[in-house]
Amino acid sequence: MTASRQSRRSALVLFSGGQDSTTCLAWALARYSHVETIGFNYGQRHRVELDCRATLRNRMAELRLDWKPRLSEDHLLDVDVLRQLGTSAMTDDIAITLQADGLPNTFVPGRNLLFFTLAAALAYRRGLDVMVGGMSQTDYSGYPDCRDNTLKALQVALSLGVDRPLTLETPLMWLDKADTWELAQQLGGATLVELVRVETHTCYLNRRDTLHDWGYGCGECPACKLRARGYQEWTARR
Ligand code: ZN
């Protein structure tokens with residue numbers, strides 16, 4: 001990214017501490033002069049991902065000279081209300097299966113709609129222009145609130161709702177997991193790939209006891225399997 005292409009717009013990255021949102025944070029730091037992060041505690045079983053956030057932010061600020069002055073405040077919001085709406089395998093200790101409607105029971109209805117709405121409120125308060133999320137339509141579990149059209153519609157609704165032009169950027173929307181590893185490589189080289197591999201958390205079951213070649217996790221849950229397969233595909237391509 002050359003200096004001339006760097007945007008003067010400011011960004012708020014939905015940053016969970018997982019592989020996708022960490023890659024999105026690097027993507028934003030390469031583009032915007034001012035970048036803040038927001039995380040959500042909603043009683044997720046993989047609560048450990050939130051513990052990864054501070055380390056990742058600190059290490060990414062050190063990764064490139066021009067990234068440090070761009071990385072600004074972090075915000076962590078409690079959204080326990082999601083659990084009051086009902087159970088899911090994302091928040092409760094139940095087996096991960098497919099529901100009758102074909103969606104995995106890790107689906108938390110309304111989650112990303114709520115997250116972006118809260119992010120838009122914060123962006124309004126903080127004077128930020130762009131919200132960045134790691135949603136992907138290509139290689140995901142079919143969550144309808146991760147789809148491109150859902151988020152495009154949400155961008156319009158939120159911009160109208162705060163009467164300010166908010167942009168929702170989803171740099172991973174059409175990438176698969178192997179592409180996401182490649183994007184990390186392009187943005188921050190081997191150092192960023194290693195940071196993503198070792199310091200991000202993906203496993204739904206909160207396991208960080210075994211370091212695989214693709215990172216920590218149980219190796220068996222859908223999130224681990226997706227991450228492992230993407231890493232193997234990416235290394236095979238190289
Ligand atoms: Zn797992």
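The structure this text deals with has already been given above.
The text that follows walks through the structure, step by step, so that each part is easy to find. (Residues numbered from 1 in each chain as written. Predicted model: local features only at pLDDT ≥ 70, side-chain atom pairs only at ≥ 80, totals over all residues. Heavy atoms only, no water.)

1. A word on the overall build of the chain
When its secondary structure is counted, the chain shows seven helices and seven strands. Starting at the N terminus and walking to the C terminus, you meet the elements of the chain as β-α-β-α-β-α-α-β-α-β-α-β-β-α. The dimensions of the chain, computed from C-alpha atoms along their principal axes, are 50 × 40 × 30 Å. In the chain, the proportion of contacts linking residues at least 24 apart, taken out of those at least 6 apart, comes to 69%. Across the chain, 28 positive and 28 negative side-chain charges occur, with their mean positions spaced 4 Å apart. (Helix = DSSP H or I, 4+ residues; strand = E, 2+ residues; numbered from the N terminus. Contact = heavy atoms within 4.5 Å. Lys, Arg positive; Asp, Glu negative; His and termini not counted. Charge placed at Lys NZ, Arg CZ, Asp CG, Glu CD.)

2. Structural notes on the pattern of salt bridges
For the coordinates displayed, the defined rule picks out 14 salt bridges. The shortest N-O distance in the salt bridge between D148 and K152 comes to 2.7 Å. Of this pair, D148 and K152 both sit in helix α5 (residues 148–162), four residues apart, which is roughly one turn of the helix. On the accessibility criterion, D148 (13% relative accessible area) is buried. Overall, K152 belongs to the partly exposed group, its relative accessible area being 46%. One salt bridge connects D176 with R237, and the closest N-O pair in it is separated by 3.6 Å. In this pair, D176 is assigned in the loop between β5 (167–169) and α6 (177–199) and R237 in helix α7 (residues 222–237), connecting sequence segments 61 residues apart. (Salt bridge = Lys/Arg side-chain N within 4 Å of Asp/Glu carboxyl O. Buried < 20%, exposed > 50% of the residue type's maximum accessible area, 1.4 Å probe, protein only.)

3. Comments concerning the packing of helix α1 (residues 19–29) against α6
As a packed pair, α1 and α6 sit with axes 10 Å apart at the nearest point and diverge in direction by 70°. Taken as axis vectors, α1 and α6 run roughly perpendicular relative to one another. Both α1 and α6 take part in a crossing whose hand is left-handed. Two secondary-structure elements touch here, α1 through Q19, D20, T22, T23, A26 and W27 and α6 through K177, T180, W181, L183, A184, L187, L192 and V196. Its residues assigned to classes, the contact of α1 with α6 shows eight nonpolar, four polar and two charged. (Axes fitted to C-alpha atoms, helices over the stretch in contact; angles between N-to-C directions. Parallel < 35°, antiparallel > 145°, perpendicular 65-115°, else oblique. Left-handed = near helix turned anticlockwise from the far one by under 90°. Nonpolar A, V, L, I, M, F, W, Y, C, P; charged D, E, K, R; others polar.)

4. Topic: the coordination of the zinc ion
For the zinc ion, the full set of protein donor atoms is C203 (SG), C218 (SG), C221 (SG) and C224 (SG), at a range of 2.3 to 2.4 Å. Considering all four donor atoms around the zinc ion, the spread of angles at the metal, 105 to 117°, places the coordination shape in the tetrahedral class. (Donors = N, O, S within 2.8 Å, 3.2 Å for Na, K, Ca; no water. Tetrahedral: all angles 85-135°; square planar, octahedral: opposite > 155°, others 65-115°.)

5. Looking at the pairing of strand β2 (residues 32–41)
β2 sits mainly inside the fold: eight of its ten residues count as buried. Note that strand β1 (residues 7–14) and β2 share six bridges and pair parallel. In the sheet register, A11 faces β2, and the bridge partner there is V35. In terms of handedness, the path from β1 via α1 over to β2 forms a crossover that is right-handed. (Pairing = 2+ DSSP bridges. Right-handed = clockwise from strand over helix to strand, strands pointing away.)

6. Description of unusual backbone geometry
At D163, a residue that is not glycine, the phi angle is positive and equals roughly 55°. Its place among the elements puts D163 in the loop between α5 and β5. When its relative accessible area of 72% is taken as the criterion, D163 is described as exposed. Although it is not a glycine, N206 sits at a positive phi angle of roughly 70°. Here N206 shows up in the loop between α6 and β6 (211–212).

7. Observations concerning helix α4 (residues 111–126)
For α4, which comprises 16 residues, the first-to-last C-alpha distance of 22 Å matches the rise-based estimate of 22 Å (1.5 Å per residue) to within 8%. Considered for burial, the residues of α4 that qualify are R111, N112, F115, F116, A119, A120, L122 and A123. Just past α4, the residue G127 takes up positive phi, approximately 70°. (Expected span 1.5 Å × (residues − 1).)

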